[in-house]
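Results of the structural survey
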Amino acid sequence: MRLTGTKVIEVEALSRRYGSRLAVNEISFRVEPGEIVGFLGPNGAGKTTTLRMLTGYLAPTSGTIRIDGIDAVKNSIRARERLGYMPEGVPLYREMRVYEYLRHRGALKAVPNIAEAIDRSLDLAGVADARTRIVGQLSKGYRQRVGLAEALIADPPILILDEPTSGLDPNQVRHFRELVRSFSGKKTVLLSSHILSEVEAVCDRVIIIREGQKVADLAPGDTETSLEDIFAELTTAGSPEGAS
Amino acid sequence: MKGAWVVLKRELGAFFVSPLAYVVLTSWLIWNGVVFWVLTEFYSRNAVSSGASTPLSGFFGGSALFFIPLLVFVPVLTMRLVAGEKQSGTIETLLTAPVSEASVIFGKYGASLVMWCVLWIPTIIYAWIISQHGSVDWGATAASYFGIFCLGAYFMAIGLLMSVVAPTQIIAAVLSFVALGVLFTVGIGEFVLDGTAREVCAYLSMWGHMQSFSKGVVDTRYLVFDFSVAVLAVGLSVGALKARKIG
């Protein structure tokens, strides 16, 4: 694993338009190496669109993205090599067994020692007992953790997780939080969520977006006001302009 | 291109663990078994002395019975290639892995060609059956299979393109059916039209294509056509998959 001294994720004036609708509007932020950052916002705020642009699934309408110093728009494949991504809803090949799926994904990501990588990621995601089970027959919580194991398979320096705990039971949520906290200082994590307690529990810093614009960038411990109050104030008040 | 090989293996694995593969293969063999039986009966009752037309040349594109099932089976085989990933959402994990769109398309196209070959390989037994009771022109038979492969290369490329542009598998299947149906019908213009239009239709004709190959004549005009359509459709598939990012 390699963490560079530069910013690991650098986003400058990123915008994305769907037809006439501006889903993401001139968002800029940076994530330091080893930092765990929460990406907060109400439904439809542009969280998933932003993460999809970071991971190369969508092209930005304008703006720049640098992943580990690499221009993610021009050198998308090289940038993607640095990332582990767990999309919202965790789409998986349902007909495969868990280890077959991870072997396939490991091969796609050119992981050198796949058998070892599968064992490691299954253990980390707490899903080793489901190794030989068919993905389509797993509960939502298990599928979620298989998605996490997949994101970890290539031991990437950067993890991007979109709503990673939806569908997990309280014990699984706790395990997930401990796992993400254990990455602190080792991996850079950007996770989106609308569960404030989760973000407060695991993140070093929080970026709040609303209607496609960044309205806050703060550390949960920085302020006396609770994150819940800040979130409510920023995401229900009038125009997001200048609220940051 | 290692990514293409990984995609190809996954595609074939998914196909052969799905009930669809066995429904398709079984119905395909039942259909062709009946066609072969009817043709053999016909030729045994109406002795054809010229030697240019045999049960095998009839089987390999000598009748509409060859093309009708293809208009259905090709869309069924290709509809899930990319549209299936869109419907299940797995396209997002696939396209955020460090592989190019071209690798994804080449892998999927390669898998569709293997499926096409798997459909046809069992029919070799028909040639063997004929050889047990009469003579078989193995050169013409080999040319027929070569023609079928070339035809498949262009059919599958069209099916793949439709699967890339369609949002769902059903729409992909309908679009492929219409595209192949139009190409098939245009070929019939060879027997209806005159002059340049007739020439163009003859060049596009699947029927003419297979009639030529089934007699052992490997006509390079048809090869150029098959190859051109396949390259165009696969290239457009790569382009359409890239364009999805900005859509």
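Look up a bit, the structure's there.
Rules of the game
Residues numbered from 1 in each chain as written. Chains lettered and ligands numbered in written order. Predicted model: local features only at pLDDT ≥ 70, side-chain atom pairs only at ≥ 80, totals over all residues. Pairing = 2+ DSSP bridges. Helix = DSSP H or I, 4+ residues; strand = E, 2+ residues; numbered from the N terminus. Contact = placed C-beta atoms within 7 Å. Axes fitted to C-alpha atoms, helices over the stretch in contact; angles between N-to-C directions. Parallel < 35°, antiparallel > 145°, perpendicular 65-115°, else oblique. Nonpolar A, V, L, I, M, F, W, Y, C, P; charged D, E, K, R; others polar.

**Remarks on the pairing of strand S4 (residues 62–67) of chain A**
Residues and elements named next belong to chain A. As judged from the five bridges shared by strand S1 (residues 9–18) and S4, these two strands associate in the antiparallel manner. Bridging across to S4, Glu10 finds its partner in Arg66. Bridge analysis of S4 against strand S5 (residues 70–71) gives two bridges, and the strand direction is antiparallel. Residue Ile67 lies in a different strand from S5, and its bridge partner there is Ile70. The loop that links S4 with its antiparallel partner S5 comprises two residues; one of these, Asp68, has a positive phi angle of about 55 degrees.

**Description of the environment of Ala151(A)**
Residue and element names in this part refer to chain A. Mapped onto the elements of the fold, Ala151 is located in helix H5 (residues 140–152). The spacing of Ala151 and Arg105 is 46 residues in sequence and 9.2 Å in space, taken between C-alpha atoms. Excluding residues that lie within four positions of it along the chain, Ala151 makes contacts with Gly84, Tyr85, Met86, Leu159 and Leu161.

**Here's the deal with the packing of helix H2 (residues 19–45) of chain B against helix H4 (residues 64–78) of chain B**
Residues and elements named next belong to chain B. Interaxial distance between H2 and H4 falls to 11 Å at its minimum, and their mutual angle equals 175 degrees. With respect to their mutual orientation, H2 and H4 come out roughly antiparallel. Where H2 abuts H4, its residues Val24, Trp28, Trp31 and Val35 lie against Leu65, Pro69, Phe73, Val76 and Leu77.

**Here we look at unusual backbone geometry**
Residue and element names in this part refer to chain A. Even without a glycine there, the phi angle at Ala13 is positive, about 45 degrees. Tracing the backbone through its elements, the reader meets Ala13 in strand S1. One non-glycine residue, Val90, lies in the positive phi region at around 45 degrees. On the secondary structure map, Val90 appears in the loop between strand S6 (83–86) and helix H3 (98–108).

**Topic: the interface of chain B and chain A**
Every contact between the two is made by 20 residues of chain B and, on the other side, 20 residues of chain A. Of all the secondary-structure elements, those providing two or more residues to the side of chain B that touches chain A are helix H1 (2–17) and helix H6 (90–95) of chain B. The dominant element in the side of chain B that touches chain A, judged by the number of residues it contributes, is H1(B), at six residues. Its residues assigned to classes, the side of chain B that touches chain A shows eight nonpolar, eight polar and four charged.

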